[in-house]
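Chain residues, written in single-letter form:
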Amino acid sequence: MQGTPKHLNTKEDYEYLRQNFPAEIWRPRFESLLAERMQWFNTGALAEGDSGQTDASHKVIEDAGMGGAAATRYQFELQENDNCLLYRLGYTVAEVERLLEVE
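In this text, all values refer to a predicted model and were calculated from it rather than measured experimentally.

(A) Quick look at the sheet that holds strand β1 (residues 38-45). Taken in spatial order, the three strands of this open sheet run β1-β3-β2, and their pairing is antiparallel. Looking at the sheet topology across the chains shown, the edges are occupied by β1 and β2 (58-63). Recorded for the sheet is a direction-independent mean angle of 35° between the axes of neighbouring strands. Sheet topology places β1 next to strand β3 (residues 72-80); seven bridges connect them, and they run antiparallel. For Phe 41, the partnering residue across the bridge sits in β3 and is Glu 77.

Right under this line is the structure:
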């Protein structure tokens, strides 16, 4: 193999990258594992006249109806995705945070 790996599919791939390349190469990959664990999830349609909740972890998205149908408003919540790549690889949040602190 020449250069940095283009695809990291396993925890061993990430560890190989961390142990054999400088921090400016591997650090962004580990930071993205942490960042991508939070995702927006649809928690349901809002009732007519309900404005919904909007703050750092809540937002409302309006879906324009097709063919003249009325638009529907949906409540979304920022939640941790239990099926994110971080967990599928076998890492924990604390483990990755510790790796990022050390270097």
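Resuming the write-up.
(B) Broad picture of the pattern of salt bridges. The tally for this structure, following the rule as stated, stands at four salt bridges. As a salt-bridge pair, Arg 18 and Glu 15 come within 2.6 Å of each other at their nearest N and O atoms. Taken as a pair, Arg 18 and Glu 15 lie in helix α1 (residues 11-20) at a separation of three residues, close to a single helical turn. A residue is classified by how much of its surface remains accessible, and Arg 18, at 21% relative accessible area, is partly exposed. A relative accessible area of 16% means that Glu 15 is categorised as buried. Arg 73 is the salt-bridge partner of Glu 62, the closest N and O atoms lying 4.0 Å from each other. In this pair, Glu 62 is assigned in strand β2 and Arg 73 in strand β3, connecting sequence segments eleven residues apart. For Glu 62, a relative accessible area of 52% translates into the label exposed. Arg 73 sits in the partly exposed class, given a relative accessible area of 30%.

(C) View of α1. What α1 keeps buried is the set Tyr 14, Glu 15 and Leu 17. Projected onto a plane normal to the axis of α1, the buried residues spread over an arc of 160° and lie on a single side. Among the exposed residues of α1, those pointing more than 90 degrees away from its buried face are Glu 12 and Gln 19. Structurally, α1 contributes buried residues whose contacts are with α2 (23-35), α3 (85-89) and α4 (93-102).

(D) Just the nonpolar core, in detail. With 16 residues, the main nonpolar core has Tyr 14, Phe 30, Leu 33, Leu 86, Tyr 91, Val 96 and Leu 100 as its most contacted residues. Of all the secondary structure elements, the ones that give two or more residues to this core are α1, α2, α3 and α4. Residue contacts for Val 96: discarding those within four places in its chain leaves Phe 30, Leu 34, Leu 86 and Tyr 91.

Cut-offs applied
Residues numbered from 1 in each chain as written. Predicted model: local features only at pLDDT ≥ 70, side-chain atom pairs only at ≥ 80, totals over all residues. Heavy atoms only, no water. Pairing = 2+ DSSP bridges. Helix = DSSP H or I, 4+ residues; strand = E, 2+ residues; numbered from the N terminus. Axes fitted to C-alpha atoms, helices over the stretch in contact; angles between N-to-C directions. Salt bridge = Lys/Arg side-chain N within 4 Å of Asp/Glu carboxyl O. Buried < 20%, exposed > 50% of the residue type's maximum accessible area, 1.4 Å probe, protein only. Arc of directions from axis to C-beta. Contact = heavy atoms within 4.5 Å. Core = buried A, V, L, I, M, F, W, Y, C linked by side-chain atoms within 4.5 Å.

By themselves, these observations are geometric and do not establish any function.
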